[in-house]
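The chain contents come next:
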Amino acid sequence: MTDDIIDQNHQKLLIIDFGSQVTQLIARRVRESGVYCEVHPYNRADAAFIDDFDPKAIILSGSPHSTHWDNSPRADDSVFTRGLPVLGICYGEQTMCAQLGGAVEASDDREFGRADITLIEDSPLFEGFGPVGHEERVWMSHGDRVSALPPGFKVIAKSGHAPFAAIADEDRRFYGVQFHPEVVHTPRGAALLRNFTHTIAGLTGDWSMKSFKDEAIAKVRAQVGDKKVICGLSGGVDSSVVAVLLHEAIGDQLTCVFVDTGLMRQGEADEVVTLFREHYNIPLVHADEEKLFLEALDGIDDPEKKRKTIGKLFIDVFEARAKEAGGADFLAQGTLYPDVIESVSFDGGPSVTIKSHHNVGGLPERMNMQLVEPLRELFKDEVRALGRELGLPEAFVGRHPFPGPGLAIRIPGAVTKEKADILRKADAIYIDEIRKAGLYDKIWQAFSVLLPVRTVGVMGDERTYDHVLALRAVTSVDGMTADYYPFEHDFLGRVATRIINECRGVNRVVYDVTSKPPGTIEWE
Ligand SMILES: Nc1ncnc2c1ncn2[C@@H]1O[C@H](COP(=O)(O)OP(=O)(O)OP(=O)(O)O)[C@@H](O)[C@H]1O
Ligand SMILES: O=c1[nH]c(=O)c2[nH+]cn([C@@H]3O[C@H](COP(=O)(O)O)[C@@H](O)[C@H]3O)c2[nH]1
Ligand SMILES: NC(=O)CC[C@H](N)C(=O)O
Ligand SMILES: [Mg+2]
């Protein structure tokens, strides 16, 4: 998939996915140590694929399956005959044992959560951890366990309920761990993975954002030639990075379209237009479509209907503006790696739609344009690093994500201009206080929600009957899971007072303390 994007000279590591919830974290940890890697589902990683991918090492992920179930997934047999180092994690360890002549059984003593392992043999996998007898905190999540080792293997660590907590065949460089080194709850997990990639597999960590940038630019030039590209620019991190990268690659063949939906944050339109027109000299169409969006949303209170209405309008506006700009052959998008991985469903099984994220995926068919997606190998934090490499101002690179449907999904119930104005003002105060308190960069995303609930208050001896505003702030790594940010009470009190004093229409402020799951980050 990406061979033509990533220079063949990079050393690559292949992660074979058996459907664990945390496979993406393996990729993150490996990349953090400078090793380029990709995740591919086990049923696609056949011998021909692996030949073509040409990895220097292989990691087998965990899985919800058990090796003793019928038709449980297996690694392609060639994984073990290539002379490559292999690390099996949890199910990966189990299937390695099952495939190489060992045995796995369901265990009565399941281990979920924290556990301590004891090192019982020296091994490069635990280099730097401590002598034999050393105890190490790890995170487990398994109900099965290895019960007999394949020929050539030895045990290098054990835990209370997993006598084969870590195993090794040092000659063939095959390793298995029952615990999960990829999660942060295994404090020295990253060091273990680095021992595997660097010490055992001899990888040098030759992947950097600088090299990614140069290759991505070359790749865009090769793909686009002298044709025209349009890029939907929201001012968010992803599309800003795409725009600047493309501008560097193809100069004035690029036109950006910023759609002002009337549902943007305070000052957003000005900031985006100023940066891209004045600092970058990138041709930018500023489509002021507030009226169009607000009219189309009039009276719609169902969240999914709102999202779909907005998604369709984006398509219409892009189409119309591209035509005005003389047409375009390519459409650039800020698709990220998690979107790519998630769109390849593990068993092909349908998953539930929680909410239809606004995306421009429907665009290409209708607009007959080819996609340019230079970020499709990157995680959000890598996109930020790339933005810095490209010299984008910190104000853009460090920005909290902002959803395409904007304030519309932060106004439960029907959207009106009046409500959007109140919300915009309140939100600006909230963010201003967060910045003043030096908390902006500690929070992954913060915003306000204008509730369709009015409550009674008293201000200046007058009765008021106004809206409730909810404040939200979360910490997260990638938006997939999140926790609420634990503000000091003083801070919340200060924000509430300012908002109620300065925003006519709001007389009560509450703070949302729901994590994700069970909540989602946005309210709709
Ligand atoms: N107001 C807008 N005008 C033009 N394009 C938009 C607008 N809002 C969203 N898009 C397009 O939809 C894509 C997806 O939006 P999304 O919010 O996921 O990314 P982003 O805005 O670039 O970054 P971030 O996630 O940090 O907000 C964007 O990359 C952009 O191409
Ligand atoms: O571009 C986008 N279009 C959308 O329709 C959309 N809905 C949610 N989000 C953002 O995605 C992250 C996770 O949000 P949820 O927990 O609400 O699903 C959070 O960062 C949300 O702001 C969107 N981004
Ligand atoms: N996390 C995992 O990979 C679990 C593997 C297997 N399902 C078990 O319970 O042991
Ligand atoms: Mg955005």
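Residues numbered from 1 in each chain as written. Chains lettered and ligands numbered in written order. Predicted model: local features only at pLDDT ≥ 70, side-chain atom pairs only at ≥ 80, totals over all residues.

Chemist: Would you take a moment to explain the overall build of the protein chain for this structure?
Modeler: On a plain count of helices and strands, the protein chain comes out with 15 helices and 18 strands. Taken over C-alpha atoms, the radius of gyration comes to 26 Å for the protein chain, in line with the 24 Å a tight globule of 524 residues would show. Counting only C-alpha atoms, the protein chain reaches 80 × 60 × 40 Å along its principal axes. Classification of the 524 residues of the protein chain by burial places 40% in the buried group. Excluding contacts between residues fewer than 6 apart, the proportion of contacts in the protein chain whose partners are at least 24 apart in sequence is 75%. (Helix = DSSP H or I, 4+ residues; strand = E, 2+ residues; numbered from the N terminus. Rg over C-alpha atoms; globule rule 2.2 N^0.38 Å. Buried ≥ 20, exposed ≤ 12 C-beta atoms within 10 Å, placed from the backbone. Contact = placed C-beta atoms within 7 Å.)

Chemist: Could you clarify how one ought to interpret the site of ligand 1 in this entry?
Modeler: As a structural note, the neighbourhood of ligand 1 is formed by 19 residues, with Gly232, Ser234, Gly236, Ser239 and Gly334 the closest of them. Of all the secondary-structure elements, those providing two or more residues to the shell around ligand 1 are helix H6 (237-250) and strand S11 (254-260). By residue class, the composition of the shell around ligand 1 is nine nonpolar, nine polar and one charged. (Near = placed C-beta within 6 Å. Nonpolar A, V, L, I, M, F, W, Y, C, P; charged D, E, K, R; others polar.)

Chemist: Even after reading the chapter, I still don't get the packing of helix H8 (residues 290-297) against helix H9 (residues 303-324), so can you show me in this structure?
Modeler: Helix-helix packing is characterised by the crossing angle of the two axes and by the distance between the axes. Where H8 contacts H9, the axes come no closer than 10 Å and their chain directions differ by 145°. The interaxial crossing formed by H8 with H9 has right-handed handedness. Within the contact between the two elements, H8 uses Leu292, Phe293, Ala296 and Leu297 and H9 uses Lys306, Thr309, Ile310 and Leu313. (Axes fitted to C-alpha atoms, helices over the stretch in contact; angles between N-to-C directions. Left-handed = near helix turned anticlockwise from the far one by under 90°.)

Chemist: Sorry if this is basic, but what is going on with the sheet that holds strand S14 (residues 370-372) here?
Modeler: Within a beta sheet, neighbouring strands are joined by backbone hydrogen bonds and run either parallel or antiparallel to one another. Taken together, five strands build an open sheet; the order of strands is S12-S11-S10-S13-S14 and the sheet is parallel. Of all the strands in the sheet, just strand S12 (284-288) and S14 have a single pairing partner and so form its edges. With direction set aside, neighbouring strand axes in the sheet form an average angle of 25°. Inspection of the sheet shows strand S10 (residues 229-232) paired to S11 by four bridges, in the parallel sense. When the sheet's bridge partners are listed, Cys231 is paired in S11 with Cys256. (Pairing = 2+ DSSP bridges.)

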